[in-house]
Structure formats: C-alpha cells, structure tokens
Amino acid sequence: VQVSRQETPAVCAHFDGVNADPYYQWYEELNLASRYTGTVYLLGSDASKPENGAAVHWKVDEEYVHLAVAVRATGWLGFGIGEAGGMLGADMALFEASKPDTIIDAYTTDQLIPITDDCSSNWELVSFNIDEEGGFMMIEFKRLLDTNDPQDKAIFNDVSTLVPPHRVIAAWGDSDTYGYHGLNRARGAIRFYGVGDDAATFFTEMEEKAEGTFLVASMNHEIAAN
C-alpha cells in the first residue's frame, strides 16, 4: 500500500528528501493522529540532510507518558529526557532490533555513556516496526510519569509558559547494538502537557485565559551582516 503525503498533512514535512512511505503507512495504520496529542520533527545534527531526524509523537494521561518515535535506522533507537538538552544527566530508553522484546532503561552521568538502570525497566514496549528495505525504525513505548526511581526523571506538568518545557534527545544507528551515533542524533524541547511548541502553547493559553492580546513586531526587519 502506497501512502501519499497528501493523506498525512500533519507529518508531510517529516523526513523530507527521502521516500518516507514506510513512516506514513505506519502513521496511518496505527491511527497516530487520533491517539497522540502532539507531534514534532527533531532535525538531526547534519543540517544538509533534513531526512536524518526523529519524528516524535506523544500524549500524557493521569499515569503515563506515551511516545511513538520514528527514525531512519534499522539497528537501534534511543530516546531520552535530558537536563540541558544533551546526554549529560539524561534518562533514556534504548531499543535494539536484535532484542525486539526489550527496552533498556538507562541513564547517563558526566561520562556520557549509557548505564543500565539498577531497578527493573520502567519503560514498556507497546509496538515496533522495522522496515529494512525502506530504512525506517518505528517504536511505541510508555513510562509512568513519576516512577519514584532516582535514576529516572519525573514528567512534570509543563502546560504553562511560565514552566520550562522538557528537553529531549534522540539517537539511532544500524548496528545490532547501540553505540556511538555520530551525526545520527537530534535534540529539542517538548511540552508534554502542551499542544506542541512554545508558540502554539502560548497562544492557546492566551485564547483561554487572556481578556485580549496584541502583537508588537518589526515586520520584514533586515538583520545587519555585522
């Protein structure tokens, strides 16, 4: 079944530059549009390759954060919540295609090397799909918002623009086990309780709570070379 970008307008810009039909088909078959409240595409570290990024879909309920992540890889995928947008002090989940029934619960210290959590894994695998021909890996997983595990980071309510969003990271590769990822990495910020990016969250909150709004801006402002 060929799924066109026109049928998936919410994700039509994800993985731009390659045939992303495996991703679009996965998106449609799992009905992600109705099952997840937010989506974002995290660009990879190689700016010349917009197709080399991570598509992240999420929602939260009273107990869990639910995630669906897709990348251009066939071996492994890592997703984490970082303290400052990098691997330093990150709480992460690692999935390897060679061990499809397991998600590794890991974290990092200042050594920037994933360490397996001492406690039992708090990440639960929901589903996975690996399209080796198309070169895509797509997984669904979830975790308690607060695991009461000191090696995990609690997901706090970040709906207010007065609260900083969660910093997230992703990495991926084609090897059988996770390892050094090179430029196959991405990072960004997600408001798990919000509606996506900070701008959308801000304007949604203003519509709900403000008596009125106005915009102060310099239109078509030219930025000096120096």
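Computed from a predicted structure; not experimentally measured. (Residues numbered from 1 in each chain as written. Predicted model: local features only at pLDDT ≥ 70, side-chain atom pairs only at ≥ 80, totals over all residues. Heavy atoms only, no water.)

Q: Go over the overall build of the protein, please, and point to the residues and values.
A: Scanning the protein from terminus to terminus reveals 3 helices and 11 strands. In the protein, the succession of helices and strands from N to C terminus is α-α-β-β-β-β-β-β-β-β-β-β-β-α. Expected size for 226 residues packed as a compact globule is a radius of gyration near 17 Å; at 18 Å, the protein falls within 12% of this value. Its C-alpha atoms put the protein at 55 × 45 × 45 Å along the principal axes. When each of the 226 residues of the protein is scored for burial, the buried share is 43%. Taking the contacts inside the protein whose residues are at least 6 apart along the sequence as the reference set, 53% of them involve residues at least 24 apart. Total accessible area on the protein stands at roughly 12,500 Å², and carbon and sulfur atoms take up 51% of it. Counting 14 positive and 36 negative side-chain charges, the protein places the centres of these two groups 3 Å from one another. (Helix = DSSP H or I, 4+ residues; strand = E, 2+ residues; numbered from the N terminus. Rg over C-alpha atoms; globule rule 2.2 N^0.38 Å. Buried < 20%, exposed > 50% of the residue type's maximum accessible area, 1.4 Å probe, protein only. Contact = heavy atoms within 4.5 Å. Areas by Shrake-Rupley, 256 points an atom, 1.4 Å probe, with all protein chains shown as cover. Lys, Arg positive; Asp, Glu negative; His and termini not counted. Charge placed at Lys NZ, Arg CZ, Asp CG, Glu CD.)

Q: Any chance you could break down the sheet that holds strand β2 (residues 53-60) for me, citing the residues and the numbers?
A: Read from one edge of the open sheet, 5 strands run β1-β2-β3-β9-β8, paired in antiparallel fashion. Of all strands in the sheet, those with a lone pairing partner are β1 (38-43) and β8 (123-131), marking the two edges. Put simply, the sheet's adjacent strands are angled 15 degrees from each other on average, direction ignored. Pairing of β1 with β2, which is carried by 6 bridges, proceeds in the antiparallel orientation. Looking at β2, one finds that Leu43 is bridged to Gly53. In the packing of helix α1 (residues 21-29) onto the sheet, contacts are made with β2, β3 (64-71), β8 and β9 (136-144), and the angle to β9 comes to roughly 40 degrees. (Pairing = 2+ DSSP bridges. Axes fitted to C-alpha atoms, helices over the stretch in contact; angles between N-to-C directions.)

Q: Can you tell me about the environment of Asp152, naming the residues and giving the values?
A: Within the element layout of this structure, Asp152 appears in the loop between β9 and β10 (166-173). Separated by 71 residues in the primary sequence, Asp152 and Ile81 have C-alpha atoms spaced 9.0 Å apart. Ignoring anything within four residues of it in the chain, the contact list for Asp152 reads Asp91, Asp105, Asp117, Asn122, Arg143 and Thr147. Here Thr147 takes part through its side chain, which lies 2.8 Å from a polar atom of the side chain of Asp152. (Polar contact = N/O pair within 3.5 Å; in protein donor to acceptor, adjacent residues only side chain to side chain.)

Q: Help me get a handle on α1, residues and values and all.
A: Three- or four-residue spacings in an α-helix give side chains the same orientation, since the helix completes a turn every 3.6 residues. By the burial criterion, the buried members of α1 are Asp21, Pro22, Tyr23, Tyr24, Trp26 and Tyr27. Those residues of α1 hidden inside the fold are in contact with α2 (32-35), β2, β3, β8 and β9. Asn31 sits one or two positions beyond α1 and adopts a positive phi of about 55 degrees.

Q: Residue-level account of the environment of Val18, with values.
A: Mapped onto the fold, Val18 is located in the segment before α1. Using a relative accessible area of 18% as the deciding quantity, one classes Val18 as buried.

Remember that the coordinates give geometry; whether it matters functionally is a separate question.
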